[in-house]
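Take a look at the letters that make up each chain.
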Amino acid sequence: MNKPKVIVTVAPTGGMALKAQNPHLPTQPDEIAEDVYHCYNAGASVAALHARRPDGEATCDAQTYARINALIREKCNVVLNNSTGGGVHGDMLRQLDNGLWELDFEQRLKGMEAQPVKPEMCTLDAHTVCASFGGKEILVTTTPRRSRQLAEMMKARGIKPEWEVFSLAHILQDVSTLIEEGLDEAPYFINMVLGGHRAFQGGLPYTPKILQMLVEHLPAKSIFNVSAIGAAQLPATTHAILLGGHVRVGLEDNLSYAQGEPATNVALVERMVRIVRELGFEPATPQEAREIMGLAAMR
C-alpha cells in the first residue's frame, strides 16, 4: 500500500529575523536558492519565500523575487510560494501620522509580480493584525476590501492563495467569505500559524485543543498546513501530521534546533522528514504536492 503523503514546506528566510540572530539565515537570492535546493533534497516540496534587499532587510521587490525564483528553478522543481506579507523592516515599513507603523500595502502587492518565473502560490493574509517588533507597533492592515483585491489579483494571475490564519476569527471571516465568493478553487490551502501570540495581537499559542478547534472549523474541501513559532514548531507540526495535515518548518519561524543550538533550514527539514516517516507517512514530492493542492503540473 502507498503511504499517505505529507507536504513539507520550508520557509527559509521570513521577513523578520536578521543574520545577527542566526548566521545560517539566507538573505540573498543565491543563498536562498542554495538553501532551498538542499532542503528539497532533504524532502521539502514547497518553498515559502521572502525577499531581502542587499543589506538584508525586507522587500517585496518583483525583480528580487524573480531572481530567487529563477535560481531555484534552475536547481529543482520545488513549488514556489512568494510572500505578499513582506516583513517588518526595509522597504515594507512606513510611519503613520499617529506614531504607529504600517506595512506598505502597495509594496506587498509586488510579491506576486515576479516574471518570467512566476510564483505558483502566494501567501494571502486576509486579516488585520498589529505586530510588535523592534519597539514598533506595526499594523498589517488587510481590510475586507484589500483582502478581496489580493484574492482577485491572484486569481487573475493563476496564482493559488495560501490563506494565512492566526486565529479562529480569521478562518470564519474573510477567508470563508472570499472562498464562498469563488475567489479560490478547491482544495483550499490554509496555513495556520500558532505560537506568535506574543508578537501578533490576536494570534494564538499552540495547544492541542486550540489546533483541534481550528481544524474543526475549516471550510469544506480545505487542506491545512501548520506553522508554529519557536519552540512550538516541533509539537505543533507533529500534531498536524496526526490530524491529517501538512507542515512548515524553517528559520522564518524558528531560529533554534534546540535550546542554545542555532538551527539550519536543512536540519529542520531533515528532522521533520524523519518524524513524517516515523509516523507512517511519506514526504510528498513537488509533483505530488501540486496534485494534493490542485496546482498545474510542471512541464
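Residues numbered from 1 in each chain as written. Predicted model: local features only at pLDDT ≥ 70, side-chain atom pairs only at ≥ 80, totals over all residues. Heavy atoms only, no water.

As for the overall build of the protein
Turning to step 1, where the next piece is worked out: Looking only at helices and strands, the protein has nine helices and 18 strands in total.
Turning to step 2, where the next piece is worked out: Here the protein has a C-alpha radius of gyration of 17 Å; the compact-globule value for 299 residues is 19 Å, and the two agree.
Turning to step 3, where the next piece is worked out: The C-alpha extent of the protein, read off along each of the three principal axes, is 60 × 40 × 40 Å.
Turning to step 4, where the next piece is worked out: Across the protein, the fraction of contacts at a sequence separation of at least 24, relative to all contacts at a separation of at least 6, is 71%.
Turning to step 5, where the next piece is worked out: Here the protein has roughly 12600 Å² of accessible surface; of this, 52% comes from carbon and sulfur atoms.
Turning to step 6, where the next piece is worked out: In the protein, the 28 positive side-chain charges and the 34 negative ones have mean positions that sit 2 Å from each other. (Helix = DSSP H or I, 4+ residues; strand = E, 2+ residues; numbered from the N terminus. Rg over C-alpha atoms; globule rule 2.2 N^0.38 Å. Contact = heavy atoms within 4.5 Å. Areas by Shrake-Rupley, 256 points an atom, 1.4 Å probe, with all protein chains shown as cover. Lys, Arg positive; Asp, Glu negative; His and termini not counted. Charge placed at Lys NZ, Arg CZ, Asp CG, Glu CD.)

Some details on the sheet that holds strand β15 (residues 246–249)
Turning to step 1, where the next piece is worked out: Pairing in this closed barrel of eight strands is parallel, and the strands run β2-β3-β6-β9-β12-β13-β14-β15 around the ring. Taken over all neighbouring pairs, the strand axes of this sheet differ in orientation by 25 degrees on average, direction set aside.
Turning to step 2, where the next piece is worked out: Pairing of strand β13 (residues 188–194) with strand β14 (residues 222–228), which is carried by seven bridges, proceeds in the parallel orientation. Counted as the bridge partner of tyrosine 188 is serine 222 from β14. (Pairing = 2+ DSSP bridges. Axes fitted to C-alpha atoms, helices over the stretch in contact; angles between N-to-C directions.)

Some points on the sheet that holds strand β8 (residues 101–103)
Turning to step 1, where the next piece is worked out: Strand order in the open sheet made by the four strands is β7-β8-β11-β10, with mixed pairing throughout. Edge positions in the sheet fall to β7 (93–95) and β10 (129–133), since each of these pairs with one other strand and no more. Averaged over neighbouring strand pairs, the angle between their axes works out to 35 degrees when direction is ignored.

As for the pattern of salt bridges
It is possible for side chains bearing opposite charge to pair when their charged atoms get close.
Turning to step 1, where the next piece is worked out: The tally for this structure, following the rule as stated, stands at 16 salt bridges.
Turning to step 2, where the next piece is worked out: Among the ionic pairs, glutamate 57 bridges to arginine 53, the shortest N-O distance being 3.5 Å.
Turning to step 3, where the next piece is worked out: Owing to a relative accessible area of 27%, glutamate 57 belongs among the partly exposed residues under this scheme.
Turning to step 4, where the next piece is worked out: Taking relative accessible area as the criterion, arginine 53 reaches 22% and is therefore assigned partly exposed.
Turning to step 5, where the next piece is worked out: Of the charged contacts, one joins glutamate 120 and arginine 73 as a salt bridge, the two residues approaching to 3.1 Å between their closest N and O atoms. You can see glutamate 120 sitting in the loop between α3 (105–109) and β9 (121–124) and its partner arginine 73 sitting in helix α2 (residues 62–75), a full 47 residues away along the chain.
Turning to step 6, where the next piece is worked out: Glutamate 120 gets classed as buried once you look at its relative accessible area, which sits at 15%.
Turning to step 7, where the next piece is worked out: One salt-bridge network, held together by shared partners, links Arg53, Asp55, Glu57 and Asp91. (Salt bridge = Lys/Arg side-chain N within 4 Å of Asp/Glu carboxyl O. Buried < 20%, exposed > 50% of the residue type's maximum accessible area, 1.4 Å probe, protein only.)

A word on the packing of aromatic side chains
Turning to step 1, where the next piece is worked out: Taken as a whole, this structure holds three aromatic pairs when the rule is applied.
Turning to step 2, where the next piece is worked out: Taking the centre distance of 6.2 Å and the plane angle of 25 degrees together, the rings of tyrosine 37 and tyrosine 40 count as stacked. Within this pair, tyrosine 37 and its partner tyrosine 40 are both found in helix α1 (residues 29–42), separated by three residues, close to a single helical turn.
Turning to step 3, where the next piece is worked out: Relative to phenylalanine 200, the ring of phenylalanine 133 has its centre 5.7 Å away and its plane inclined at 65 degrees; by these criteria the two rings are edge-to-face. Of this pair, phenylalanine 133 sits in strand β10 while phenylalanine 200 sits in the loop between β13 and α6 (208–216), placing them 67 residues apart in sequence. (Phe/Tyr/Trp six-rings, centres within 6.5 Å; stacked < 30°, edge-to-face > 60°.)

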